[in-house]
Amino acid sequence: MQDNYGIDKSWIEGGLNIDKIQEIMEIISEKRKNVEILPAQNDVLNAIKLTSLDNAKVLIIGQDPYPSSEHAHGLAFSSLSDKTPASLKNIFKKLKEDFPDGKYESNTLTQWGKQGVILLNTALTFEGKDTKLLKEHTKLWEPVIKNIFEVLIKRNKPLVVMRWGNYAQKVGECFDNCANIYPLDTTHPSPFSARNGFLTCNHFKKCNEILGNSAICWNT
C-alpha cells in the first residue's frame with residue numbers, strides 16, 4: 001500500500017508525484033541511521049500536510065529548516081521553541097504594524113497552515129551546517145518543490161505568493177504572469193535585510209486585501 005504521509009488526497013489528485021516523495025523520504029530515512037537529519041521524519045512534509053490543495057491560499061517560500069531540533073518542525077519560519085528566531089521576530093513586528101489588535105504569542109505557525117498558508121522550505125531536510133550538505137539536500141528536494149509549484153499553478157485558483165529575498169524570488173519566478181497568482185516581493189525578514197524593504201512591505205495586509213472574504217487570521 002502506498003504511503004501518502006498524511007497528505008490530503010487533493011494534492012495527489014492535483015498532480016503531486018507521491019512516488020517521488022516516497023523515494024526521497026526513503027533516502028532520508030537511510031541517512032538518519034548515521035547522522036542527525038532535521039526535522040523529524042514525521043515533520044518533513046508538514047507544509048503540505050497541514051494545508052490541502054483545495055484550501056491553499058498563500059505560499060510563503062523559505063529556504064531550509066532551522067539547524068536545531070529545538071526549532072525545526074517542517075514549516076518555513078515557524079519554530080517549536082519559546083525563543084523567537086531573528087527572522088520570525090521581524091515577521092511578528094510587521095504583523096503588529098499591519099494588524100495591531102492581533103495576538104502573536106506562539107512561534108509555532110501551525111494555525112497559519114491550517115488556514116491555507118503553505119510555509120514551504122525549498123530544502124525540506126537539513127544535515128549539519130556545511131554549505132555543501134545544504135546544497136545536496138536542496139538538490140534532492142528540487143523535483144518535489146518544482147512539482148508542488150506546478151500543481152499550485154495548474155489548479156488556477158487565487159494564490160498569494162510571498163517571495164522574501166533574492167533567493168525566494170529566483171526560485172519562485174515560475175509564478176510570474178500566472179492567472180490568479182499574486183506574487184508579493186520584498187527583502188528577507190532577517191536582521192541583515194529586513195530594514196531594506198520587509199519592515200515596510202505591508203505584505204500581510206496586502207495579502208488579506210487580495211483574498212477578501214477568504215482572508216487569513218494571522219494570530220499564532
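Per chain, the residues get numbers from 1 upward, laid out in the order the sequence is written. In keeping with the predicted nature of the model, local features appear solely for residues at pLDDT of at least 70, side-chain atom pairs appear and are counted solely at 80 or more, and the whole-chain, interface and lining totals rest on all residues. Side-chain calculation: all heavy atoms of the structure are included, whereas hydrogens and water are not.

Trainee: Hey, could you run me through the sheet that holds strand 1 (residues 58-62) in this one?
Mentor: By definition, the strands of a sheet pair up through backbone hydrogen bonds, in either a parallel or an antiparallel sense. A pair of strands is treated as paired once DSSP finds two or more bridges between them. Helix and strand labels come from DSSP, where a helix needs a run of H or I of at least four residues and a strand needs a run of E of at least two; each type is numbered from the N terminus. Taken together, four strands build an open sheet; the order of strands is 2-1-3-4 and the sheet is parallel. The open sheet is flanked by strand 2 (117-121) and strand 4 (181-186), the only strands paired with a single partner. Neighbour to neighbour, the strand axes of the sheet diverge by 20 degrees on average, direction disregarded. Bridging between strand 3 (residues 159-164) and strand 4 involves six bridges; their strand directions are parallel. If you follow R163 over to strand 4, its bridge partner there is D185. Should any heavy atoms of two residues lie within 4.5 Å, those residues are considered in contact. Axis definition: a line fitted to C-alpha atoms, over the contacting stretch in the case of helices. Angles run 0 to 180 degrees between N-to-C directions. Relative to the sheet, helix 6 (residues 131-154) contacts strand 1, strand 2, strand 3 and strand 4, its axis offset from that of strand 2 by approximately 155 degrees.

Trainee: Looking at this structure, I do not really get the side chain of H73. What am I missing?
Mentor: Residue placement: H73 occurs in the loop between strand 1 and helix 4 (86-98). The residues touching H73, leaving out its near neighbours within four places in the chain, are P39, D43, N46, S78, S79, L80, T108 and T110.

Trainee: How do you make sense of the pairing of strand 3 when you look at a structure like this?
Mentor: Remember that side chains alternate between the two faces of the sheet whenever the strand is regular. Burial runs high along strand 3: six of the six residues are buried. Neither face of strand 3 is open: one carries L159, V161 and R163, the other V160, M162 and W164, and all of them are buried. When strand 1 meets strand 3, the two strands line up parallel, connected through three bridges. Counted as the bridge partner of I60 is M162 from strand 3. Look down the strands so they point away from you; if going from the first strand over the helix to the second traces a clockwise path, that crossover is right-handed. Once the chain exits strand 3 it traverses helix 7 (residues 166-171) before rejoining the sheet at strand 4, and the crossover so formed is right-handed. For every residue, the accessible area obtained with a 1.4 Å probe (protein chains only) is divided by the maximum for its type, and the residue is called buried under 20%, exposed over 50%, and partly exposed between those limits.

Trainee: Honestly, the packing of helix 2 (residues 18-31) against helix 6 in this entry has me stumped. Any pointers?
Mentor: The angle between the axes and the distance between the axes are what describe a pair of packed helices. Where helix 2 meets helix 6, the axes come as close as 9 Å, and the angle between the chain directions of the two elements is 160 degrees. In terms of orientation, helix 2 lies roughly antiparallel with respect to helix 6. Where helix 2 crosses over helix 6, the two elements pack in a sense that is left-handed. Across from K20, I21, I24, M25, I27, I28 and K31 in helix 2, the residues of helix 6 making contact are H137, L140, W141, P143 and V144. In terms of residue class, the contact of helix 2 with helix 6 is made up of nine nonpolar, one polar and two charged. Oblique is the label for any angle not covered by the other classes, which are roughly parallel (under 35 degrees), roughly antiparallel (over 145) and roughly perpendicular (65 to 115). Here a crossing is called left-handed whenever its near helix is offset anticlockwise from the far helix by less than a right angle, and right-handed whenever the offset is clockwise. Think of it as three bins: nonpolar holds Ala, Val, Leu, Ile, Met, Phe, Trp, Tyr, Cys and Pro, charged holds Asp, Glu, Lys and Arg, and polar takes everything else, Gly as well.

Trainee: Explanation requested: the packing of aromatic side chains in the structure shown.
Mentor: To describe a pair of aromatic rings, one takes the distance between the centres and the angle between the planes. Only Phe, Tyr and Trp rings take part, Trp by its six-membered ring, and two of them pair if their centres are within 6.5 Å. Stacked means planes under 30 degrees apart, edge-to-face means over 60, and tilted covers everything else. Taken as a whole and assessed by the stated rule, the structure comprises eight aromatic pairs. Centroid distance W164 to F198: 5.1 Å. Interplanar angle 80 degrees. Geometry classified as edge-to-face. Here F198 lies in the loop between strand 4 and helix 8 (203-211) and W164 lies in strand 3, a separation of 34 residues in the sequence. The class of W164 is buried, set by a relative accessible area of 2%. What makes F198 buried here is its relative accessible area of 0%. Among the aromatic residues, those joined into a cluster by ring pairs are F77, W112, W164, F198, F204 and W218.

Trainee: What exactly am I supposed to notice about the pattern of salt bridges here?
Mentor: Note on pairing: side chains with opposite charge can pair once their charged atoms come close. Put simply, a salt bridge is a Lys or Arg side-chain nitrogen that is within 4 Å of an Asp or Glu carboxyl oxygen. This structure, assessed with the given rule, holds ten salt bridges. K94 is the partner of D98 in a salt bridge, and the nearest nitrogen-oxygen pair spans 3.7 Å. Placement of the pair is D98 and K94 together in helix 4, with a separation of four residues, close to one helical turn.

Trainee: Just to check I follow, could you spell out helix 2 for this structure?
Mentor: Taking 1.5 Å as the rise per residue, helix 2 with 14 residues should run 20 Å; its terminal C-alpha atoms sit 20 Å apart, in good agreement. Residues of helix 2 that are buried: I18, I21, Q22, I24, M25 and I28. Sitting at the amino-terminal end of helix 2 is N17, which places a side-chain oxygen 3.2 Å from the backbone nitrogen of D19. A helix's residues, less one, multiplied by 1.5 Å, set its expected span. Identification of polar contacts relies on pairs of N or O atoms within 3.5 Å, with a donor-acceptor requirement for protein atoms, meaning one able to donate a hydrogen and the other able to accept it, and with residues adjacent in sequence counted only if both atoms are side-chain atoms.

Trainee: Help me out: how do you make sense of the packing of helix 4 against helix 8 in this one?
Mentor: One can describe the packing of helix 4 onto helix 8 by two numbers: an axis separation of 8 Å at closest approach and a directional angle of 55 degrees. Between helix 4 and helix 8, the angle is such that the two are oblique. Contacts between helix 4 and helix 8 involve I91, K94, L95 and D98 from the former and H203, F204 and K205 from the latter. When its residues are assigned to classes, the contact of helix 4 with helix 8 shows three nonpolar, one polar and three charged.

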